[in-house]
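# Remarks on the overall topology
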Amino acid sequence: MKNFTRPMKENNVSDKLMCGRCYDMVDILYLPDCNENPEELAGGPLGMYHCPDCGAMIIAGYPHPRICKICLDKKHPGFDKF
């Protein structure tokens, strides 16, 4: 599984990345395992909508946003019932 990280700054402090589902700031983002392909909706009447698989807010015409590990595992306390 491919993940995304930011390079370390000179003082060894990394910039945080924002999860595309819960908007938490994290160090690593992952490709979601959703079936949705919002880039195929470019030019359609949709603007933004919720992914039917994970619930992330998606913009039609752009790739699905990367998400944090908690959201990938569907264990976020604010979004998932587990």
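Data block above holds the structure.
Cut-off values and rules
- Residues numbered from 1 in each chain as written.
- Predicted model: local features only at pLDDT ≥ 70, side-chain atom pairs only at ≥ 80, totals over all residues.
- Heavy atoms only, no water.
- Salt bridge = Lys/Arg side-chain N within 4 Å of Asp/Glu carboxyl O.
- Helix = DSSP H or I, 4+ residues; strand = E, 2+ residues; numbered from the N terminus.
- Buried < 20%, exposed > 50% of the residue type's maximum accessible area, 1.4 Å probe, protein only.
- Core = buried A, V, L, I, M, F, W, Y, C linked by side-chain atoms within 4.5 Å.
- Contact = heavy atoms within 4.5 Å.
- Patch = residues over 30% accessible without salt bridge, like charges linked within 9 Å, V, L, I, M, F, W, Y side chains within 5 Å.
- Areas by Shrake-Rupley, 256 points an atom, 1.4 Å probe, with all protein chains shown as cover.

### Considerations on the pattern of salt bridges
Taken as a whole and assessed by the stated rule, the structure comprises four salt bridges. The partner of Asp 80 in a salt bridge is Arg 21, and the shortest N-O contact between them spans 2.7 Å. Of this pair, Asp 80 sits in the segment after α1 (69-72) while Arg 21 sits in the loop between β2 (17-18) and β3 (25-26), placing them 59 residues apart in sequence. For the pair Asp 80 and Arg 21, one class covers both residues: buried. One salt bridge in this structure joins Lys 69 and Asp 73, with 3.3 Å as the shortest N-O distance. Lys 69 gets classed as partly exposed once you look at its relative accessible area, which sits at 43%. Exposure remark for Asp 73: the relative accessible area of 36% places this residue in the partly exposed category.

### Looking at the nonpolar core
Judged by nonpolar contacts, Leu 17, Cys 19, Cys 22, Val 26, Leu 29, Tyr 30, Ile 67, Cys 68, Cys 71 and Leu 72 together constitute the single largest core of ten residues. Secondary structure elements with two or more residues in this core: β4 (28-30) and α1. Apart from residues lying up to four places away in sequence, Cys 68 is in contact with Cys 19, Cys 22, Val 26, Ile 28, Leu 29 and Tyr 30. Counting residues in each nonpolar core, the second largest holds six residues, with Cys 34, Cys 54, Ala 56 and Ile 58 among its members.

### Section: the environment of Ile 67
Looking at where Ile 67 falls in the secondary structure, it is placed in the loop between β6 (57-59) and α1. As for Ile 67 and Ile 28, which are separated by 39 residues in sequence, their C-alpha atoms are 8.5 Å apart. Residues within four places of Ile 67 in sequence aside, it is in contact with Cys 19, Gly 20, Arg 21, Leu 29, Tyr 30, Pro 32 and Leu 72.

### Here we look at the environment of Asp 33
Along the chain, Asp 33 falls in the loop between β4 and β5 (48-50). For the pair Asp 33 and Asp 73, spaced 40 residues apart in the sequence, the C-alpha separation amounts to 9.8 Å. Those residues in contact with Asp 33 that lie beyond four places of it in its chain are Leu 72 and Lys 74.

### Observations concerning a nonpolar patch on the surface
A cluster of nonpolar side chains, contributed by Met 18, Tyr 23 and Met 25, occupies part of the molecular surface with about 330 Å² of accessible area. Note on placement: Met 18 falls in strand β2.

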